[in-house]
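Below, each chain spelled out in residue letters.
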Amino acid sequence: MNSPSDYNRLALHRFKNFDEAAESILHTISELLDINTLFIAKNDSSTNEIVKVVNKNETLLNEGDSSPFKDTFCKLSVDHGKGVLLIPDITQNEQSKELNVTETFGRGSFVGVPIYYEDGRNYGTICGLDTNYFDLSERDKRLFQTMSSLLSYVLELDEATKQIEDLSAPLVPITKGVAILPIIGNIDLNRVERITELTLLKSQQLSLDTILIDLSGITRMNDEVVTYLMRIVDLLDLVGIIPILTGLRPETAMQAIRSHVDVNQFQIESTVESALNKIGFELHRK
């Protein structure tokens, strides 16, 4: 059996998102415990979906599998509460033996613990399943409990990151059909993808025909990011929205040239005010 420090190594790893953390955690548990299938399921109190799974010798589950939540072992785990639910024999347990899923597997053992958001809402479960019987020590149960807590923490980081990204690239309507997209802070590929997704979604919701993309608040980005950032402009143009760039710094322009991006193909104005003037607006102080 591996030492406790073996599964504490996850704390030293920097996960980019929940999916990466989930996959790493399942592989770690799979190395430490003799359980055929480890999986993470997400539920909405109606449907239970397998979002990550690791199978060893026999494929019991696949990513994307879904079933009615009420007919799953995961529901038993959620109903059990925050502790670890261990069912050594799914055919003998009063709660599990009547489930259709038990008939499907025929025999075996199950272990599960819920994953919660910080506000107490249930995300889903982290579980182990095998058609061979297994038992777990208190140490093994603590492993599942610890991994559940880690996933809860990563969930909150994911949510916080998305909120920060939304705030750092807000699409601000200024009049019917026109909005400003100020891009602020350090830009990497993940942020560019998120900005693109939000911009396309919100521009449809707001029925925009013109977006002023202000780049003056960008503090740092690399040449590859410049290329992707300019693709936002192309995408907006493709869906019938006029993009106008403002606040383009000399260093950003140089990065675009190094990346073989022809900035002359875009509408560029030095400031938001000049861009507004170009499309027929005038700013006056009362």
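Residues numbered from 1 in each chain as written. Predicted model: local features only at pLDDT ≥ 70, side-chain atom pairs only at ≥ 80, totals over all residues. Heavy atoms only, no water.

Peer 1: Just give me the short version of the overall build of the protein chain, but keep the residues and values in it.
Peer 2: Secondary structure assignment for the protein chain yields nine helices and 11 strands. Taking 286 residues into account, the globule formula puts the C-alpha radius of gyration at 19 Å, and the protein chain, at 25 Å, lies well above it. Referenced to the eigenvectors of the C-alpha coordinate spread, the extents of the protein chain come out at roughly 75 × 40 × 35 Å. Evaluated residue by residue, the protein chain yields a buried proportion of 46% over its 286 residues. Excluding contacts between residues fewer than 6 apart, the proportion of contacts in the protein chain whose partners are at least 24 apart in sequence is 61%. With 27 positive and 42 negative side-chain charges, the protein chain shows a spacing of 5 Å between the two charge centroids. (Helix = DSSP H or I, 4+ residues; strand = E, 2+ residues; numbered from the N terminus. Rg over C-alpha atoms; globule rule 2.2 N^0.38 Å. Buried < 20%, exposed > 50% of the residue type's maximum accessible area, 1.4 Å probe, protein only. Contact = heavy atoms within 4.5 Å. Lys, Arg positive; Asp, Glu negative; His and termini not counted. Charge placed at Lys NZ, Arg CZ, Asp CG, Glu CD.)

Peer 1: Break down the environment of Thr227 for me, citing the residues and quoting the values.
Peer 2: Mapped onto the elements, Thr227 comes out in helix 7 (residues 223-238). The class for Thr227 is partly exposed, based on a relative accessible area of 21%. For the pair Thr227 and Ile257, spaced 30 residues apart in sequence, the C-alpha separation works out to 9.7 Å. Setting aside residues up to four positions removed in sequence, Thr227 forms contacts with Ser259 and Val261.

Peer 1: Help me get a handle on the packing of helix 6 (residues 189-205) against helix 7, residues and values and all.
Peer 2: Relative orientation of the contacting elements helix 6 and helix 7 amounts to 10°, with a least axis distance of 9 Å. Taken together, the axis directions place helix 6 and helix 7 in an arrangement best described as roughly parallel. Every residue of helix 7 that contacts helix 6 at Leu189, Val192, Ile195, Thr196, Thr199 and Leu200 is listed here: Glu224, Val225, Tyr228, Leu229, Ile232, Leu235 and Leu236. Here the contact of helix 6 with helix 7 is built from residues that sort into 10 nonpolar, two polar and one charged. (Axes fitted to C-alpha atoms, helices over the stretch in contact; angles between N-to-C directions. Parallel < 35°, antiparallel > 145°, perpendicular 65-115°, else oblique. Nonpolar A, V, L, I, M, F, W, Y, C, P; charged D, E, K, R; others polar.)

Peer 1: Go over helix 3 (residues 73-80) with me, naming the residues and quoting the values.
Peer 2: Taken together, the buried positions of helix 3 are Phe73, Cys74, Leu76, Ser77 and Val78. Taken together, the buried residues of helix 3 touch strand 1 (37-43), strand 2 (47-55), strand 4 (85-87), helix 4 (100-105), strand 5 (109-116) and strand 6 (122-130). Directly after helix 3, the chain includes Gly81, whose backbone phi takes a positive value near 105°.

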